[in-house]
Amino acid sequence: QLAMSLNSSTLLNEESSQGPKRNTECLESLELQTPSSFQDNPLQQLQLASQEVLEKAKKSGRSKCPRCSSSRMFYCYTCFVPVETVPTKEIPTVKLPLKIDIIKHPNETDGKSTAVHAKLLAPDDVTIYKYPCIPEYEEKRHEIALIFPGPNSVSVKDIAFHLQKYTKKGVYDNDDDCSREPFLKQAKLEPKEEEKNLSECISSNRSEGTRLKKIIFIDSTWNQTNKIITDERLQGLLQIELKTRKTCFWRHQKGKPATYLSTIEAIYYFLVDYHQEILKENYKGQYDNLLFFFSFMYTLIKNAKCCAGKE
């Protein structure tokens, strides 16, 4: 199911000041102390940097963006920078093993997107584009994949197997494709030789997987995705689907499966799977700080709903 923004929302949405006054007052007065009823918080096991800077910023309220001077909470979602009360040096920086392009639908409300979290926390590796202004990907289809569900989408663990089929021209390389025919259908080989070929093929597949250089995510509501996903510039890209994770997003779209993730969740879970399935390394929290803002807002909103008697 997949992986784009489910119209994510920042804690205090700039456009929606119409919410119940009681709810807002609760939100501003609550300390970040998770009540026992929230001990099932699936984000509580993350290895995160200290969120004290966000707690202080919450107490002081909105602050100015150092670039555009707009009043914001925690960060400016148009300039992609923290506000004045959140010093950049106190925000963790995450180094990613791949470059990430986020294609944002033009009608997606800036203040409702978690895509900006990725840009704030991994500024060197994340680029946000507003559709239809996106790059041409055709010449690099052999090293790019798109996170999106579909009839031809594959799981993360199968990236290497499928990526090897792409040449720099973006077509299948029939002369050097280990997956072309099962070994049993090929000319009979001596057992040792067959074992050697199989080993080399598996090694080649893993190598191809690590040649993946960039991942593309679409930041949009599900009803808005069709225009972007059918763009000719995205055709022919290997598509990857995230099927096993469930969203914690507080604005999950009605009627959609729990496996439909917000943008920042999709990025995080993809990288965890990539680290384990493709890089074949133990995951030790290297990308947990991508959820630095998300986890903080999750707890605040859960507390606010509790205070308002909604849970």
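Values in this document were obtained by computation on a predicted structure and should not be read as measured data.

K.L.:
Could you give an account of the overall build of the chain, with specific residues and numbers?
P.N.:
Within the chain, the regular secondary structure consists of eight helices and nine strands. Relative to its full complement of 311 residues, the chain shows a buried share of 49%. Considering only contacts within the chain whose residues lie at least 6 apart along the sequence, 78% involve residues at least 24 apart. For the chain, the computed accessible surface area is about 16,000 Å², with 46% contributed by carbon and sulfur atoms.

K.L.:
Please give an account of the packing of aromatic side chains that cites residues and values.
P.N.:
How two aromatic rings sit relative to each other is given by the distance of their centres and the angle of their planes. This structure, assessed with the given rule, holds seven aromatic pairs. Both rings, one in Phe-292 and one in Phe-293, keep their centres 5.3 Å apart while their planes meet at 85 degrees; by these two values the pair is edge-to-face. Through pairs of rings, three or more aromatic residues link up here, namely Tyr-75, Phe-292 and Phe-293. Lying over the aromatic face of Tyr-77, Arg-72 brings its terminal NZ or CZ to 4.2 Å of the ring centre.

K.L.:
Explain the pairing of strand 6 (residues 126–130) to me, and be specific about the residues and the numbers.
P.N.:
Looking down a regular strand, the side chains alternate between one sheet face and the other. With five bridges connecting them, strand 5 (residues 99–104) and strand 6 associate as parallel partners. Within the sheet, the bridge partner assigned to Ile-102 lies in strand 6 and is Ile-128. At this point the chain moves from strand 5, through helix 3 (residues 115–121), to the parallel strand 6, and the crossover so formed is right-handed.

K.L.:
Go over the confidence of the model for the chain, please, and point to the residues and values.
P.N.:
The predicted model of the chain has a mean per-residue pLDDT of 77, with 68% of residues at 70 or higher. The low-confidence segment residues 201–205 (pLDDT under 50) makes five contacts with residues lying over four places distant or belonging to another chain.

K.L.:
I'd like a rundown of a negative patch on the surface, residues and numbers included.
P.N.:
Judged by side-chain charge, Glu-136, Glu-138, Glu-139 and Glu-232 come together as a negatively charged surface patch. Among the structural elements, Glu-139 can be located in the loop between strand 6 and strand 7 (144–147).

K.L.:
Residue-level account of the pattern of salt bridges, with values.
P.N.:
Inspection of the entire model under this criterion finds eight salt bridges. The partner of Lys-157 in a salt bridge is Asp-158, with the nearest N and O atoms 3.6 Å apart. Overall, the relative accessible area of 27% leaves Asp-158 in the partly exposed class. Within the structure, one salt-bridge network assembled from shared partners comprises Lys-95, Lys-99 and Asp-125.

K.L.:
So, the sheet that holds strand 8 (residues 214–219): which residues are in play, and what are the values?
P.N.:
To summarise the sheet geometry, strands pair through backbone hydrogen bonds and adopt either a parallel or an antiparallel arrangement. With respect to topology, five strands assemble into an open sheet ordered 6-5-8-7-9, the strand pairing being parallel. Of all strands in the sheet, those bounded by a partner on one side alone are strand 6 and strand 9 (238–240). Sheet twist, expressed as the average angle between the axes of neighbouring strands with direction ignored, equals 25 degrees. Looking at chain direction, strand 7 and strand 9 are connected through three bridges and run parallel.

K.L.:
Describe unusual backbone geometry, listing the residues and the values that go with them.
P.N.:
A cis amide bond links Tyr-131 to the next residue, Pro-132, at an omega of 10 degrees. Looking at the secondary structure, you find Pro-132 in the loop between strand 6 and strand 7. We note that Phe-74 has phi near 75 degrees; this positive angle belongs to a residue other than glycine. Structurally, the position occupied by Phe-74 is in the loop between strand 2 (71–72) and strand 3 (75–76). Despite not being glycine, Phe-80 shows a phi value in the positive range, around 60 degrees. The residue Phe-80 is located in the loop between strand 3 and strand 4 (81–82) in this model.

K.L.:
Run through the packing of helix 2 (residues 52–60) against helix 8 (residues 292–307), naming residues and quoting values.
P.N.:
Axis angle and axis distance: for two packed helices, these are the angle between their axes and the distance between the axes, and together they describe the pair. Running from N to C, helix 2 and helix 8 cross one another at 50 degrees; their axes reach a closest spacing of 11 Å. With respect to their mutual orientation, helix 2 and helix 8 come out oblique. You can see that helix 2 and helix 8 cross each other, and the crossing is right-handed. Contacts between helix 2 and helix 8 involve Val-53, Leu-54, Glu-55 and Lys-58 from the former and Phe-292, Phe-293, Phe-296 and Leu-300 from the latter. A per-class count over the contact of helix 2 with helix 8 returns six nonpolar, no polar and two charged.

About the cut-offs
Within each chain, residues carry numbers counting from 1 in the order of the written sequence. Totals for whole chains, interfaces and linings use all residues, but because this is a predicted model, local features are given only for residues with pLDDT of at least 70 and pairs of side-chain atoms are given and counted only at 80 or more. Computation of side-chain values: all heavy atoms of the structure, hydrogens and water removed. The helix and strand labels rest on DSSP assignments: H or I over at least four residues marks a helix, E over at least two residues marks a strand, and numbering proceeds from the N terminus. Relative accessibility decides the category of a residue: with a 1.4 Å probe and only protein chains considered, values under 20% of the type maximum give buried, values over 50% give exposed, and everything between is partly exposed. Whether two residues are in contact is decided by their heavy atoms: any pair within 4.5 Å suffices. For accessible areas, the Shrake-Rupley method is used with a probe of radius 1.4 Å. Any residue's cover is judged against the shown protein chains and nothing else. Any Phe, Tyr or Trp ring, taking Trp's six-membered ring, that has another such ring centre within 6.5 Å forms a pair; planes under 30 degrees apart are called stacked, those over 60 apart edge-to-face, and the others tilted. Comment: the charge-over-ring label is applied if NZ (Lys) or CZ (Arg) is within 6 Å of the ring centre and within 35 degrees of the ring normal. Think of it this way: DSSP has to see at least two bridges between two strands before they count as a pair. Call a crossover right-handed when, viewed with both strands pointing away from you, the route from the first strand across the helix to the second goes clockwise. The pLDDT value expresses, per residue, how confident the predictor is, ranging between 0 and 100. A residue counts toward a patch only above 30% relative accessible area and without a salt bridge, and it is joined to like-charged neighbours within 9 Å or, for Val, Leu, Ile, Met, Phe, Trp and Tyr, to nonpolar neighbours within 5 Å. Here, a salt bridge means any side-chain nitrogen of Lys or Arg that lies within 4 Å of a carboxyl oxygen of Asp or Glu. In this count, Lys and Arg are taken as positive residues and Asp and Glu as negative ones, while His and the chain termini are left out. Note on charges: their place is set at NZ of Lys, CZ of Arg, CG of Asp or CD of Glu. Orientation is described by axes fitted as lines to C-alpha atoms, over the contacting stretch for helices, and by angles from 0 to 180 degrees between their N-to-C directions. In this scheme, roughly parallel covers angles under 35 degrees and roughly antiparallel covers those over 145, while 65 to 115 is roughly perpendicular and the rest are oblique. Left-handed describes a crossing whose near helix is turned anticlockwise from the far helix through less than a right angle; right-handed describes the clockwise counterpart. Residue type decides the class: Asp, Glu, Lys and Arg count as charged, Ala, Val, Leu, Ile, Met, Phe, Trp, Tyr, Cys and Pro as nonpolar, and the leftover types, Gly among them, as polar.

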